[in-house]
Amino acid sequence: KSADFGKNRNLQNLLILTAIKADKTRVMDYINRLDNYDGPEIAKIALGDPYNLYEEAFLIYKKCDLHAEAMDTLLVNIESLERAQEFAARCGEPVVWYKLGKAQLENHQVAEAIESYLKASDATDYIEVIQAAQVECLYDDLVRFLLMARKTAKDAIVDTELVYSYAKADRLADMEEFVSGTNTANVKLVGDRLYEEKFFKAAKILYQSIPDNSKLASCFVQLGEYTQAVEAAKKASNPKTWKEVNIACVQAEQFRCAEIAAMYIIVHPDHLEELISQYEKGGHFEELISLLDTGLSSERSHVGMYTELAILYTKYKPEKLMDFIKMNTQKLNIPKLIQACERHYHWEHAVFLYMHYDEFDQAANTMMAHSSVAFTHDQFQMVLQKVANMEIYYRAITFYLEEQPMQLAALLNTIMSKVDHARVVQQVRKAGHLPLVLPYLKSAQQHNIQAVNEALNELYVEGEQYEDLRQSIEDFDNIDQITLAQQLEKHELIEMRRIAALVYKKNKRYKQSIDLSKQDKMYKDTMDTAFESGNAELAESLLRYFVDNDMKECFASCLFTCYDLIRPDVGLELAWRKGMTDYAMPFLIQVLREYTSRIDALDKKTQKKEEAIEKEKSASNDFVPDYMANPMVAGLMPGFGNLALTAGPATMMPQQQQQQQFGGPTMMQTPGHMMMQPGMMQPGRM
């Protein structure tokens with residue numbers, strides 16, 4: 001080659017370009033032999049289409065000391081990371097190492113990429129490096145990279161990821177030293193990430209450095225350091241932390257620590273049930289009951305604590321339940337506790353709570369529904385006095401009929417003023433147990449209710465208590481009397497038939513009463529009935545009955561008893577015909593005495609009237625009487641005293657009319673108005 005050609009850049013460029021276009025095999029030789037040409041321009045042409053002379057372009061860049069472009073050619077065109085790494089090692093320029101590192105990162109050679117970035121001392125791609133290293137879990141390499149990166153990149157992400165990488169690489173001492181120094185790391189964020197990934201020791205160090213006591217307590221719990229967890233929870237002082245500590249301690253059966261934590265939870269009603277559930281799931285009933293019992297002494301104890309403890313007693317220690325309820329009735333949520341008692345079949349306790357909650361209707365229903373354990377007679381009576389639903393009274397009667405029949409009378413006595421007596425009678429009658437309520441019926445009879453009267457009379461009839469029956473009929477008349485009489489007239493007991501006659505008499509069925517008494521030969525009853533009837537025909541018919549049956553004593557007694565109703569002529573005629581004159585003599589004497597007394601009274605009135613007339617005559621001198629007084633009228637017949645006898649009824653009629661005219665007594669005047677002499681019997685009374 002001539003000296004001119006060696007110095008002529010254009011000719012060398014032309015030669016190489018001609019070779020590129022015409023004979024590619026000679027290009028490499030020209031590049032090595034020639035030195036004075038425009039390398040970058042020729043390299044670009046060689047790299048382009050359609051030539052694709054990558055090796056020739058790489059050689060040009062290398063010969064021209066364009067190491068970055070040479071590296072690009074190796075990585076992009078030739079695509080050889082091995083040659084690129086060798087080239088970077090020989091070259092040693094940071095830009096070359098950076099390009100190599102980026103290419104390695106793109107090809108997922110993370111560790112090699114980090115080494116290349118470190119040699120380049122370039123952290124431009126720290127975000128991509130962090131992501132790739134974490135995917136590959138290359139935390140030791142990432143720590144070295146981030147330590148280099150934080151020298152140039154002032155970003156909190158670098159410090160944050162460095163802390164995280166220390167933890168993941170288990171370099172806790174280095175991490176603790178780093179966070180204790182100056183840094184911009186988001187320690188809490190890293191701590192939360194580590195906690196979620198269960199790196200509790202590292203998270204604990206980070207939370208201690210903040211400090212975040214809630215999370216710190218959680219870390220202690222996860223590490224099984226329960227005492228430290230309690231101390232951290234005290235500093236955190238929030239229910240959520242206490243709940244977490246308590247749950248962990250219960251699961252680990254660290255009940256002392258669990259109790260300390262629980263004491264801060266149970267004072268919050270919203271968290272109490274969840275805590276109880278945790279204990280119960282583990283079967284730690286004794287510890288739970290002890291915890292709540294201890295908690296009641298706290299100044300912050302509330303209704304929920306008392307109620308939940310009572311509910312626990314219903315489940316696990318029913319023998320303590322009643323005493324606890326009685327001691328703390330005012331501090332309990334009674335409706336909730338009642339549900340628990342019913343759920344666990346503590347009916348006696350449920351009744352007690354219903355009573356203190358003024359739910360007397362429910363108390364009564366519960367006592368009847370679960371009588372074997374919840375019923376006591378005295379308590380039930382007290383409850384019935386306060387119930388509001390009247391139907392409970394009648395359910396109670398049915399209950400007593402079935403289960404407490406001997407106490408039924410006492411029950412009815414308690415509710416007597418509040419029940420419908422007729423309905424009670426119907427209910428008991430339907431059950432067929434009327435005799436059980438006899439005392440009640442006697443007490444209720446004062447209201448004179450037909451159903452009560454008839455039920456009581458029915459019991460008297462069944463028991464043949466005729467005296468009580470008679471008194472009942474006489475005092476309380478609101479009954480179907482005729483039906484009762486018809487029932488009694490066929491009774492085998494004579495006293496019952498006498499009562500039937502009495503009932504007929506009270507209903508003015510005198511003939512039926514007398515006929516019934518005749519059948520039983522109760523003649524005194526017949527006479528009393530005839531006299532009470534006021535019917536002369538009925539009395540005389542009875543008198544004839546005695547005469548026809550030759551019942552002389554009854555004849556005399558009937559004359560005396562029915563004196564006001566029997567006509568004297570009828571009585572004397574019957575006596576004369578049957579030879580009973582002696583038995584009729586008292587009657588005759590009384591009749592005569594009555595008549596003479598009436599006549600004497602009439603005479604006195606007549607005499608007084610005549611004297612008054614005489615006085616009027618003497619007052620008027622020119623008045624001359626033109627008639628003479630009739631000696632018979634004046635009552636001056638000698639030998640008869642004041643008793644005037646006439647020739648017969650024809651002569652007596654005017655006299656009777658005169659007596660009626662002057663207001664004198666008549667023949668039908670009652671014996672009570674007669675003028676009686678001492679020693680005389682009064683007719684009409686036995």
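Thresholds applied
Sequence positions are assigned chain by chain, starting from 1 and proceeding in written order. In keeping with the model being predicted, local features are shown solely for residues with a pLDDT of at least 70 and side-chain atom pairs are shown and tallied solely at 80 or more, while totals for entire chains, interfaces and linings include all residues. Excluded from the side-chain calculation are hydrogens and water; included are all heavy atoms of the structure. Each helix is a run of DSSP H or I of at least 4 residues and each strand a run of E of at least 2, with the numbering of both proceeding from the N terminus. Residue contacts are counted whenever heavy atoms from the two residues lie within 4.5 Å of one another. Method for areas: the Shrake-Rupley scheme with a 1.4 Å probe, in which residue coverage is limited to the protein chains shown. Here a pair means two rings of Phe, Tyr or Trp (six-membered ring of Trp) with centres within 6.5 Å. Their orientation is stacked below 30 degrees between planes, edge-to-face above 60, and tilted elsewhere. Accessible area is worked out with a 1.4 Å probe on protein chains only. A residue is then buried under 20% of its type maximum, exposed over 50%, and partly exposed in between. Along the arc lie the directions from the helix axis toward the C-beta atoms. Known as pLDDT, the predictor's per-residue confidence is scaled from 0 to 100. Put simply, a salt bridge is a Lys or Arg side-chain nitrogen that is within 4 Å of an Asp or Glu carboxyl oxygen.

(A) Main features of the overall build of the protein. Tallying secondary structure elements over the protein gives 44 helices and zero strands in all. For the protein, long-range pairs separated by at least 24 residues make up 54% of all intrachain contacts whose partners lie at least 6 apart in sequence. By element, 50% of the accessible surface of the protein is carried by carbon and sulfur atoms, the whole surface being about 36,600 Å².

(B) Structural context of the packing of aromatic side chains. Within this structure, the stated rule accounts for 20 aromatic pairs. The interplanar angle of 65 degrees and the centroid separation of 5.9 Å between the aromatic rings of Tyr117 and Phe145 together place this pair among those described as edge-to-face. Residue Tyr117 is found in helix α9 (residues 110-120), and its partner Phe145 is found in helix α11 (residues 139-149); the two are separated by 28 residues along the sequence. By relative accessible area, Tyr117 is classed as buried at 0%. An aromatic cluster is built from Phe375, Phe380, Phe399 and Tyr400, whose rings are joined through pairwise contacts.

(C) Quick peek at helix α35 (residues 481-488). All buried positions along α35 are accounted for by Gln481, Ile482, Leu484, Ala485 and Leu488. The buried residues of α35 occupy an angular sector of 160 degrees when the element is viewed end-on, so they sit on one face.

(D) View of helix α28 (residues 377-384). Of the residues making up α28, those classed as buried are His377, Phe380, Gln381, Val383 and Leu384. Seen from one end, α28 has its buried residues packed into an arc of 160 degrees, which puts them on one side. Where α28 is buried, its residues touch α25 (347-356), α26 (360-369), α29 (391-403) and α30 (408-415).

(E) Region of the structure containing the confidence of the model for the protein. Of the residues in the protein, 87% have a pLDDT of 70 or more, and the chain-wide mean is 82. When the criterion is pLDDT under 50, residues 621-686 qualifies, and its contacts beyond four places in sequence or with other chains add up to 75 contacts.

(F) Seen up close, the environment of Val179. Within the secondary structure layout, Val179 lies in helix α13 (residues 172-180). Among the residues examined, Val179 registers a relative accessible area of 14% and is labelled buried. For the pair Val179 and Leu162, spaced 17 residues apart in the sequence, the C-alpha separation amounts to 9.9 Å. With residues up to four places along the chain from it excluded, the contact list for Val179 reads Val163, Val187, Leu206 and Ser209.

(G) Representation of the pattern of salt bridges within the structure. Tallying each qualifying case throughout the model produces 25 salt bridges. Lys188 is the salt-bridge partner of Asp212, the closest N and O atoms lying 3.9 Å from each other. Linking Asp212 in the loop between α15 (200-209) and α16 (213-222) with Lys188 in helix α14 (residues 187-196), this pair joins segments that are 24 residues apart in sequence. A residue is classified by how much of its surface remains accessible, and Asp212, at 15% relative accessible area, is buried. Residue classification places Lys188 among the partly exposed residues on the basis of a relative accessible area of 38%. Across the pair Glu573 and Arg577 runs a salt bridge whose closest N-O atoms are separated by 2.8 Å. With Glu573 and Arg577 both in helix α41 (residues 568-578), this residue pair falls four residues apart, about one helical turn.

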